[in-house]
Amino acid sequence: MLLYIILGLLVHFVFFASIFDIYFTSPLVHGMTPQFTPLPPPAKRLVLFVADGLRADKLYELDENGNPRAPFIRNIIMNEGSWGISHTRVPTESRPGHVALIAGFYEDVSAVAKGWKENPVEFDSLINETKYTWSWGSADILAMFAKGASGNHVYTYSYDAESEDFGAQDVAKLDTWVFDNMKEFFHAARNNQSLFSKLNEEKIVFFLHLLGIDTNGHAHRPSSREYMDNIKIVDEGVKEITSMLKDFYGNDGKTAFIFTSDHGMTDWGFHGAGHPSETCTPFVTWGAGIKYPQKVSAQKFDDTYLEEWKLENWKRQDVNQGILPVDILNSTDLFKAESMFTNAVQILEQFKVKMTQKKEATLPFLFTPFKLLSDSKQMNILRKARSYIKQKKYDEAVSLCKELINLSLKGLSYYHTYDRFFLAFNVVLGFVGWISYASLLIIKSHCNLTRSVGKEVKKPSHLLPCCFVAIGVLVALFLLVQACPWTYYVYCLLPLPIWCAFLREFPVLQGFVTLLLTFPPSRFVGYLLLFILGVEVLVLSFFYRYMLTAGLIVFAGWPFITPLWTRAKSTSLSWIFFCLLLAVFPLMPVVGRKPDIFLVMSAGLLVLLLSLFVVTSVIKRKDSFVNEELVLHLLQMVSMVLSMCVVYGTHKSLLKKQGLPLLNQTASWMILASSFVMPLLSPLILFDRLFSILLSSMSTYLLLSTGYEALFPLVLSCLMFVWIHMEQETLQQSGISCKQKVSSIQFAYNTDITQLRDLYLDDLRRAFFLVFFLVTAFFGTGNIASVNSFDLASVYCFLTVFSPYMMGALMMWKILIPFVLVMCAFEAVQLTTQLSSKSLFLMVIITSDIMALHFFFLVKDYGSWLDIGTSISHFVIVISMTIFLVFLNGLAQLLTTKKLRLCGRPKSHLI
């Protein structure tokens, strides 16, 4: 069993990593010669205001009284500068947004592995090219540009990380701190000759990162009074800074101002995905080199924002983050043409370097160049563009440069994805090989026919392994000649031992095919179509949560097509009731959008009522009753009451803006720690242990809940309890004797009992049920394939100061709790149905891998970035779920089979 686990983990880790090599490799190119525009820029200095988390609509719209929410910015739009919407791209996080704004390219996707906090690769930026840069704001944002800058010309001033507290009374102070410190800085500069001379140099940038709006949005939602008031504070601060700089520089007209945001925010206070509220950010610019407002009579856009914001008469100039908006520049046509020519040469240089790198790493007879941009075409376009500039045909020159830029970008994409089909083919080959081999392992262990065939097979020859070794050597030499990365060796060589192992079991496959031929074709096709339909429902549930509702409704009808309805009516009715009750959750809004403390407290009360019922039944069971069991139940009930008090108290404290009370925070962490220990103190009797796990899990889950999802684990667990009874009833009706009733079965750790019995079709159904319940546990209260479904309010009982890794770990545990409940129930199902845990688990893995293979073919690199990101995340989620299943299976075995003994006193249980 251990060998299979190691092999399975290795295969799935490779599958998981492959998607990053295929789609998530860095697109950046190094080694180009810098290119500069020969003409002087219109501005000597730039002031960049980035209001983190500011939505475009919240800035531009009028307030409830019909007045501008940001009067100074509104005045700029109407009298001094240009404005529009800046369109961000997925992921709408702070680091990718700032990289697009300041470095001019969309974030290297490999930064996701570092939480968008560190530089995964080196890149150039506006700040690196300045003479001096002074920046104020959050250390997380400022440090990432200072760290990658060459020389000692970037100066950062930031507040402590503890100031980023979502529960603080006034988080707008993060922005006032920035404005106040910049004012003090310029006041000190008047008395510091060295600093004064630096401030009067050319090519300098002042970068103000304003985090208050984002923090208020997370804490109170973008529609809150706090969020709106923070916008007014920022508007007033921008006005004061603008006035101060004009006075400091004597109104020399050489300062350019940009006010924008890195990303927006959803109505429920989160960001990361591609909803318009996250991708539409404000863009307002004025000062040196910027066009003045242009009044128009009509504008055509796909939205109705202009009418809503009462700005339909001022020309709106939308931009994409990271792309130079030439149309807003108030400069000569010559300057625009030269800037576009320089930009085109820069991108063409990247194309040349990328092509050279790929050509040197590919065998000559295998290299296929990008045909749309040959060397002759490059020279021809550059020559014509330069000729047009000399002839003062600037529009023609700009048009040619744009054509060259588009072709260069297509060529960069071509060489960047050059090996994609080759890698994908090998990954699919390994996928199919693993699924086939795992299926044969199950057949070999549980099919009498294949055992009889296996006895007649002669000792396998060494010819097959030698052939695969020879193929492996040839493949390795092929990769070595082309200087391929080491990961290519893994993807290309891993399928070989898998297929070798599969072909060594050819007699088993032969026997299975013979067995299938004895089945009526209609019956075989019917079962196959039913299985395909089930897998498709699971796949569709990743896109449409209501498919889970449809599946649960079908599950509710299961007793009617079996003898269960007549032989176990009460159990069947319970099954129908809880299936239909659980089916309601996928129809509910995603968690976090509508917080409701009343539902959280209601879930706690229901668990307490259920606990009282169980305690009463334990007391009545005098023959097996031990005082320590009662004490444990009471302690878990106290823990539940304490969780409810903490949730309620924290909610009230945050509403009053008094922060997270230390007592509540301490209690929360103690409850979380005890939830891992309490179940291990309970008896090993199946029902007692499962109920103890539920109580401990619910105590923690309440602390992480904000609304109706608090009820979800309770309903799910009730369905799991009924499922256990239903499976034992099914087994008894199949003619297999069950020695014990569910109420008296004990969890007993056993490595594996392979020869308990043969496989039945019901076992395939059980495996499918588990996968379906796991997917339901994953998506039942929200589609977390979309990053914005997370709600930071879930962790406010534990901490409110921003800590991405700790908050992420807590939210991950919240996701895993329903998984643990399902896996513990599955342990009980394996025990009651007397089937090898290895075989049932392999069937579950196979079903998950078929889904993963399905999603692998759905991954795409075209269309909107939201579609691309979602398609990749679906594959990653399924593969991660399969990997997690191995660990969750081990955790479930630990929780169900291990017993902690206090004071070394042995206990006995009458069965």
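Note that the structure is predicted; figures quoted are calculated from it, not measured.

Undergrad: Is there a simple way to think about the nonpolar core in this case?
TA: In globular proteins that are soluble, nonpolar side chains generally tend to be buried together. Ranked by internal contacts, the top residues of the largest apolar core, which has 157 residues, are Trp575, Phe773 and Phe875. For this core, the element with the most residues is helix 33 (residues 804–833), which contributes 17 residues. Every residue in contact with Phe875, bar those within four places of it in the chain, is listed here: Phe15, Ile19, Phe431, Ala852, Phe855, Phe856 and Val859. Judged by nonpolar contacts, the second largest core, of 52 residues, contains Tyr60, Phe72, Val238 and Phe259.

Undergrad: I would appreciate a short explanation of the side chain of Lys899 in the present structure.
TA: Tracing the chain through its elements places Lys899 in the segment after helix 35 (865–897). Lys899 sits in the buried class, given a relative accessible area of 18%. A distance of 2.9 Å separates a polar atom in the side chain of Lys899 from the backbone oxygen of Leu681.

Undergrad: Where do I start with the pairing of strand 3 (residues 132–137) in this structure?
TA: Residues in a regular strand project their side chains so that they alternate between the two faces of the sheet. Of all six residues in strand 3, six are buried, a share of seventy percent or more. Alternating positions in strand 3 separate into two faces, Tyr132, Trp134 and Trp136 on one and Thr133, Ser135 and Gly137 on the other, with burial throughout. Pairing of strand 3 with strand 5 (residues 204–210), which is carried by five bridges, proceeds in the parallel orientation. Within strand 5, the position partnered with Tyr132 by the bridge is Ile204. The pairing of strand 3 with strand 4 (residues 154–158) spans five bridges and is classified as parallel.

Undergrad: Any chance you could explain helix 18 (residues 463–481) here in plain terms?
TA: Residues spaced three or four apart along an α-helix face the same direction, because each turn holds 3.6 residues. For helix 18, spanning 19 residues, the distance from its first C-alpha to its last is 27 Å, which sits close to the expected 27 Å at 1.5 Å a residue. Along helix 18, the positions that sit buried rather than exposed are Phe468, Gly472 and Leu479. For helix 18, the angular spread of the buried residues around the axis is 45°, confining them to a single face. Facing away from the buried surface of helix 18 by more than 90 degrees, the exposed residues are Leu463, Leu474, Leu480 and Val481. Backbone geometry just downstream of helix 18 places Ala483 in the positive-phi region, at approximately 55°.

Undergrad: Quick question: what am I supposed to make of the packing of aromatic side chains here?
TA: The description of an aromatic ring pair uses the distance of the two centres, along with the angle that the planes make with each other. Throughout the structure, instances matching the rule amount to 59 aromatic pairs. The interplanar angle of 40° and the centroid separation of 6.4 Å between the aromatic rings of Phe768 and Phe772 together place this pair among those described as tilted. Placement of both Phe768 and Phe772 in helix 32 (residues 761–779) is noted, with a separation of four residues, approximately one turn of the helix. When the ring of Phe769 is compared with that of Phe773, the centres are 6.0 Å apart and the planes differ by 70°; the resulting orientation is edge-to-face. Residue Phe769 and its partner Phe773 are both found in helix 32; the two are separated by four residues, about one turn of the helix. Each member of the pair, Phe769 together with Phe773, is buried. Through a chain of ring-to-ring contacts, three or more aromatic side chains come together here, namely Tyr132, Trp134, Trp136, Tyr155, Tyr157, Phe185, Phe186, Phe196, Phe206, Phe248 and Tyr249. Positioned above the aromatic ring of Tyr249 is the side chain of Arg45, whose terminal nitrogen or guanidinium carbon lies 3.6 Å from the ring centre. For the cation-ring pair, Arg765 lies above Phe769, with the distance from its terminal atom to the ring centre recorded as 5.0 Å.

Undergrad: Looking at this structure, I do not really get a nonpolar patch on the surface. What am I missing?
TA: On the surface, Phe519, Phe524, Val525, Leu528, Leu529, Phe531 and Ile532 cluster together into a nonpolar patch covering about 580 Å² of accessible area. Inspection of the secondary structure assignment puts Phe524 in helix 22 (residues 521–541).

Undergrad: Explanation requested: the environment of Leu54 in the structure shown.
TA: On the secondary structure map, Leu54 appears in the loop between strand 1 (45–51) and helix 2 (56–60). Contacts of Leu54, omitting those with residues within four sequence positions, involve Leu59, Ile213, Tyr227, Ile231, Phe259, Ser261, His263, Gly264, Thr281 and Pro282.

Undergrad: What's the story with the pattern of salt bridges in this structure? I'm lost.
TA: Close approach of charged atoms lets side chains of opposite charge pair. For the structure shown, the criterion picks out 21 salt bridges. The salt bridge involving Asp252 is made with Arg45; its shortest N-O contact spans 3.0 Å. Of this pair, Asp252 sits in the loop between helix 10 (225–248) and strand 6 (255–260) while Arg45 sits in strand 1, and the two are 207 residues apart along the sequence. A salt bridge links Lys246 to Glu80; the shortest N-O distance between them is 3.8 Å. Separated by 166 residues along the polypeptide, Lys246 in helix 10 and Glu80 in the loop between helix 3 (71–79) and strand 2 (82–87) bring together distant segments of the chain. A residue is classified by how much of its surface remains accessible, and Lys246, at 32% relative accessible area, is partly exposed. Connected through salt bridges with shared partners, the residues Glu727, Asp762, Asp763, Arg765 and Arg766 form a single ionic network.

Undergrad: Sorry if this is basic, but what is going on with unusual backbone geometry here?
TA: Generally, phi is negative for residues other than glycine and the peptide bonds are trans, each holding for most cases. Positioned with a positive phi, Lys310 is a non-glycine residue whose angle comes to about 60°. We note that Lys392 has phi near 65°; this positive angle belongs to a residue other than glycine. Residue classification places Lys392 among the exposed residues on the basis of a relative accessible area of 62%.

Undergrad: Explain the packing of helix 30 (residues 686–703) against helix 33 here, please?
TA: The relative placement of two packed helices comes down to the angle between their axes together with the axis-to-axis distance. Taken N-terminus to C-terminus, the directions of helix 30 and helix 33 make an angle of 175°; their axes are 10 Å apart at the nearest point. For the element pair helix 30 / helix 33, the angle class is roughly antiparallel. Between helix 30 and helix 33, the residues in contact are Leu686, Leu690, Ile693, Leu694, Ser697, Thr700 and Tyr701 and Trp813, Lys814, Ile817, Pro818, Leu821, Cys824, Ala825, Ala828, Leu831 and Thr832, respectively. Within the contact of helix 30 with helix 33, the residues separate by chemical class into 13 nonpolar, three polar and one charged.

Undergrad: In this structure, what is going on with helix 7 (residues 173–189)? I would like to understand it.
TA: Taking 1.5 Å of rise per residue, the 17 residues of helix 7 would be expected to cover 24 Å, and the 24 Å separating its terminal C-alpha atoms lies within 8% of that figure. Every buried residue belonging to helix 7 is among Leu174, Asp175, Val178, Phe179, Met182, Phe185, Phe186 and Ala189, and all of these are buried. Buried positions in helix 7, seen along its axis, are confined to an arc of 145° and lie on one side of it. Residues Glu184 and His187 are exposed on helix 7 and point more than 90 degrees away from its buried face.

Reading guide: rules and limits
- Residues numbered from 1 in each chain as written.
- Predicted model: local features only at pLDDT ≥ 70, side-chain atom pairs only at ≥ 80, totals over all residues.
- Heavy atoms only, no water.
- Core = buried A, V, L, I, M, F, W, Y, C linked by side-chain atoms within 4.5 Å.
- Buried < 20%, exposed > 50% of the residue type's maximum accessible area, 1.4 Å probe, protein only.
- Helix = DSSP H or I, 4+ residues; strand = E, 2+ residues; numbered from the N terminus.
- Contact = heavy atoms within 4.5 Å.
- Polar contact = N/O pair within 3.5 Å; in protein donor to acceptor, adjacent residues only side chain to side chain.
- Pairing = 2+ DSSP bridges.
- Expected span 1.5 Å × (residues − 1).
- Arc of directions from axis to C-beta.
- Phe/Tyr/Trp six-rings, centres within 6.5 Å; stacked < 30°, edge-to-face > 60°.
- Lys NZ or Arg CZ within 6 Å of the ring centre and 35° of its normal.
- Patch = residues over 30% accessible without salt bridge, like charges linked within 9 Å, V, L, I, M, F, W, Y side chains within 5 Å.
- Areas by Shrake-Rupley, 256 points an atom, 1.4 Å probe, with all protein chains shown as cover.
- Salt bridge = Lys/Arg side-chain N within 4 Å of Asp/Glu carboxyl O.
- Axes fitted to C-alpha atoms, helices over the stretch in contact; angles between N-to-C directions.
- Parallel < 35°, antiparallel > 145°, perpendicular 65-115°, else oblique.
- Nonpolar A, V, L, I, M, F, W, Y, C, P; charged D, E, K, R; others polar.

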